[in-house]
Structure formats: structure tokens, C-alpha cells
Amino acid sequence: MKWFGAALILLCSTLYGLEQAKKLRDRPQQIRQLRIALQALEAEMLYGQTPLAQASENIAKQLEGAIGDMFACFAANLRARKQTAMDAWREALEAVWEETALKSGEREVLHQFGATLGTMDRSQQQKQLKLAQTHLEREELEAKETQLRYEKMAKTLGVLAGLLLVILFV
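Residues numbered from 1 in each chain as written. Predicted model: local features only at pLDDT ≥ 70, side-chain atom pairs only at ≥ 80, totals over all residues. Heavy atoms only, no water.

For the protein chain, the name recorded in an unreviewed UniProt entry is Stage III sporulation protein SpoIIIAB, with Shouchella rhizosphaerae as its organism.

Written out as C-alpha cells, the structure reads:
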């Protein structure tokens, strides 16, 4: 029974370390997806003159995971016509935030971008899209550096913490 408990502790701590490493690996990928999504939104809105709800739906179909879900939720919120674009964006962001590996810096950029949705003319909206993309590019570089620095350490610490606990309990 003692060895079963020790193996369980080691397994759980290792899985926790792997989960933390996965979040570090997923963050730059999700930021890249956001940047691509904003570029696609810019093209749809400015050049294709597609309505915001339809453009968001099109983007959601192209993306997978939490970022695709966020744009799908945003499109659904807009189609319901119960709220402004800003409120629909915030609600979509909050609905899927826990599924993402994103941090508070990306959240702030997305909130600021959402505050301008549907309130400006096309040229001003294009400037806001470019600004959000620039901020996300900076966040992506930081996320890549963090991943390189801490991903392996998170995996190793998960295993070592489990071993430490097993030694202490045995």
C-alpha cells in the first residue's frame, strides 16, 4: 500500500509539471493564433467589407481550440443582438479565458481592442487592429523566451517534487 501511495504521489506531481510545461508551450502558439485571427479580421472587415459577426464566424471556422471558440462565441453574441460589439467581445473573452494559456498582458491587449470594436470608422479600426497586433507580437516574443527558459524546468520540478514528497513520506 505504501508503494502504491508513493507511485501515486510521483505520478500526480509529474503530471502537474507536464501540465505547467504544456501551458508554457501553448501560450506562444495561442498568441500567434490571435495575431493571425486579427489579421484575418482586418482583411475581412476592411477589404472584404464583411459584417463583424460573419467575419468572426469565418475566423472561428479557420481556427481550432480556445481562440476559435472565442471568435465563435463572439459571433454568436453579435448574432443575438442583445449587446454592443464591445460587450459581446468581453463576454466571449471571459467565456473561454480559462481554456487558454494566455496571461494578463494578452488579456489587457484584448480588452483594449474590444473596447474599440464597432465604435470607430474603418481607418481608425484598422489602426486599432495594427496596434493590438503589435502588442501581441511583443507578448509572443516574451512568451517564447519564457517557454525556452522554464519549460524544461517545469517538467523536471514536477518529477523532483514528487520524489521529494515520496522520500519525506517513506
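Okay, back to it.
Can you lay out the nonpolar core for me, pointing to particular residues and giving the numbers?
Counting residues in hydrophobic clusters, the biggest one holds 33 residues, and the most contacted among them are L41, F71 and W89. When residues of this core are traced back to their parent elements, those giving at least two are α1 (2-47), α2 (52-62), α3 (65-80), α4 (85-96), α5 (104-116) and α6 (122-169). Beyond its immediate sequence surroundings of up to four residues, F71 is in contact with L34, A37, S56, I59, A60 and W89. (Core = buried A, V, L, I, M, F, W, Y, C linked by side-chain atoms within 4.5 Å. Buried < 20%, exposed > 50% of the residue type's maximum accessible area, 1.4 Å probe, protein only. Helix = DSSP H or I, 4+ residues; strand = E, 2+ residues; numbered from the N terminus. Contact = heavy atoms within 4.5 Å.)

Account for the packing of α1 against α5, with residues named and values stated.
One way to put it is that α1 packs onto α5 with a least axis distance of 12 Å and a crossing angle of 15 degrees. Classified by the angle between their axes, α1 and α5 sit roughly parallel to one another. Every pair of crossing elements has a handedness; the one defined by α1 and α5 is left-handed. Together, R27, I31, L34, L38 and L41 of α1 and E106, L110 and F113 of α5 make up the contact between the two elements. Among the residues making up the contact of α1 with α5, the classes are represented as six nonpolar, no polar and two charged. (Axes fitted to C-alpha atoms, helices over the stretch in contact; angles between N-to-C directions. Parallel < 35°, antiparallel > 145°, perpendicular 65-115°, else oblique. Left-handed = near helix turned anticlockwise from the far one by under 90°. Nonpolar A, V, L, I, M, F, W, Y, C, P; charged D, E, K, R; others polar.)

Please give an account of the pattern of salt bridges that cites residues and values.
Following the criterion strictly, the structure yields 12 salt bridges and no others. Across the pair R25 and E151 runs a salt bridge, and its minimum N-O distance is 2.7 Å. One end of the pair, R25, is in helix α1; the other, E151, is in helix α6, and 126 residues separate them in sequence. R107 is the salt-bridge partner of E94, the closest N and O atoms lying 2.6 Å from each other. Taken together, the residues E94 in helix α4 and R107 in helix α5 connect sequence positions 13 residues apart. Taken together, the salt bridges that share partners define one network made up of R27, E106, R138, E139 and E142. (Salt bridge = Lys/Arg side-chain N within 4 Å of Asp/Glu carboxyl O.)

Mind laying out α4, listing which residues take part and the relevant values?
The end-to-end C-alpha distance of α4 is 17 Å, a good match for the 16 Å that 12 residues give at a rise of 1.5 Å each. For α4, the complete set of buried residues consists of A85, A88, W89, A92, L93 and V96. Buried residues of α4, viewed axially, fall in a sector of 135 degrees; they line one side. Packing partners of the buried residues in α4 comprise α2, α3 and α5. (Expected span 1.5 Å × (residues − 1). Arc of directions from axis to C-beta.)

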